[in-house]
Amino acid sequence: MVGSGLKKFATENGMKVAQGVAYGNLQGFAATMVEGPNIKVITFATCFADAEQERQFKQAVDAVDITKTYRVRNVGMNRRTIQVVFNDTIGTMKKIRAFVEWFIPLLRQYGASGWNVCPECCMEITAGRWALVNGIAYYMHEACADKVFRAIQEDNVKQSEERTGSYISGIVGALVGALIGSVLWALVLSAGYVASIVGFVIGWLAEKGYNLLKGKQGKGKIAILIIAVIIGVIVGNFGYDAYDLYSAINSGEFVGYTVADIPAMIVQLLAESSEYRSYIMSSAGIGLLFAGLGVFSLLRKAGQEVADQKYMVLE
């Protein structure tokens, strides 16, 4: 996704917007710009031919407090890209503009490859093709782009063949993990709190259980984990109510009832009390919201692990 601020910045620099990204030649370097929840991201498709210059470049970047100065959350580097993640709040575009004016001269100074150098063969391009590879735009020779496309196809086929395991065993493992997490959820509720970190723990346990029981590493994994987390939160809410009823029975508040009657008591409350139903819906809704906040990054990571690599010709 590209918002109005990045679109305007891209247009000012002669870049294009397509397939949910802004891409093109950003002051001499191939760049891709996108945004997500509370972040904006610029990814430079570049590399350093000289390891010493790369080391000096990293030192120059580390010498500045880029978090305080430019609201940079993280800088990630690999063989072909430098990804810069910005915290997105009011005035972030002004910070991004300032960052680019500081950062791009550093790329030039330390010999980073420009937009017209093919990242596949490291040779200068006279006529090439923009391609979107896993969400990042690269400018490559047509022959190199075709080579990358074929490699991605082969890798996707290989990964598909290697995805063994069973969704059935994965469901069992995810549910067991989520139910263990529901106990922690109930304990936190009994202490008077609702915390997103507990939602993360439920998701972590669900994925751990899924993997331990050798669940299939396919796209269905994400749906299974989401359902498991929802069940874990709902069971945790009912578990908290069951504990309250247990305490009341032990204290003599409910004469003639035993622990074995607790499930029937909860069912009766659901059937006869609109106030209880409203309470359960509200409590579960808040719980799912906090669980979603806590487990979002974990599910996104799991989704990336099972997703096929993507290739698309931009122009």
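### Structural notes on helix α9 (residues 262–272)
- Of all the positions in α9, only I262, M265 and I266 are classed as buried. The buried side chains of α9 occupy one side of the element, clustering within an arc of 100° when seen end-on. In α9, those exposed residues whose orientation departs by more than 90 degrees from the buried face are P263, V267, A271 and E272.

### Details of the pairing of strand β8 (residues 136–141)
- Of all the six residues making up β8, six are buried; the element is thus mostly covered by neighbouring parts of the structure.
- For strand β7 (residues 128–133) and β8, the ladder comprises six bridges, and the chain directions are antiparallel. Of the residues in β8, the one forming a bridge with R129 is M140.
- Where β7 folds back onto β8 in an antiparallel hairpin, the turn is made up of two residues, including N134, whose phi is positive at roughly 50°.

### Points about empty space enclosed by the protein
- Scanning the model with the defined rule gives one cavity of 30 Å³ or more in all.
- In this structure, the largest cavity spans a volume of roughly 60 Å³.
- Lining the largest cavity we find 13 residues, and of these A45, T46, G114, V117 and P119 sit closest to its centre.

### Quick notes on the nonpolar core
- F44, F57 and L107 are the most contacted members of the largest nonpolar core, which has 32 residues in total.
- Mapped onto this core, the elements with two or more residues apiece are α1 (4–12), β2 (21–26), β3 (29–36), β4 (39–45), α2 (51–62), α3 (66–70), β6 (81–87) and α4 (92–109).
- Tallying contributions element by element places α4 first for this core, with eight residues.
- Those residues in contact with F44, other than ones at most four positions away along the chain, are L26, F29, A30, A31, R80, T81, I82, V84, F103, I104 and L107.
- Within the second largest apolar cluster, 20 residues are counted, among which are A30, W130, Y139 and A145.

### Some words on the pattern of salt bridges
- By the definition in use, this model includes seven salt bridges.
- In this structure, E12 and R97 form a salt bridge, with 2.6 Å as the shortest nitrogen-oxygen distance. Linking E12 in helix α1 with R97 in helix α4, this pair joins segments that are 85 residues apart in sequence.
- E12 gets classed as partly exposed once you look at its relative accessible area, which sits at 45%.
- What makes R97 partly exposed here is its relative accessible area of 29%.
- Connected through salt bridges with shared partners, the residues E35, K40 and D88 form a single ionic network.

What counts and how
- Residue numbering note: each chain is counted from 1, following its sequence as written.
- Reporting of local features is limited, given that this is a predicted model, to residues whose pLDDT is at least 70; pairs of side-chain atoms are given and counted only at 80 or more, and all residues count toward the totals for whole chains, interfaces and linings.
- Remark: hydrogens and water are excluded; side-chain values derive from all non-hydrogen atoms of the structure.
- Burial classification: accessible surface area is computed with a 1.4 Å probe over protein chains only, and a residue below 20% of its type maximum counts as buried, one above 50% as exposed, and the rest as partly exposed.
- Each helix corresponds to a stretch of at least 4 residues labelled H or I by DSSP, and each strand to a stretch of at least 2 residues labelled E; elements are numbered beginning at the N terminus.
- In this context, the arc is that of the directions from the helix axis out to the C-beta atoms.
- Pairs of strands are assigned from DSSP output, requiring at least two bridges between the strands.
- Points on a 1 Å grid, built from protein atoms alone, make a cavity when a 1.4 Å probe fits but cannot get out and make a pocket when they are open with protein on both sides within 12 Å along at least 5 of 7 lines; residues with an atom within 4 Å of a point are the lining residues.
- Grid points are joined across faces, edges and corners, and a volume is the space filled by probe spheres set on the points.
- Take the buried residues of types Ala, Val, Leu, Ile, Met, Phe, Trp, Tyr and Cys, join any two whose side-chain atoms come within 4.5 Å, and each joined set is a nonpolar core.
- Contacts are assigned to residue pairs that have any heavy atoms within 4.5 Å of one another.
- Salt bridges are defined as contacts in which a side-chain nitrogen from Lys or Arg sits within 4 Å of a carboxyl oxygen from Asp or Glu.

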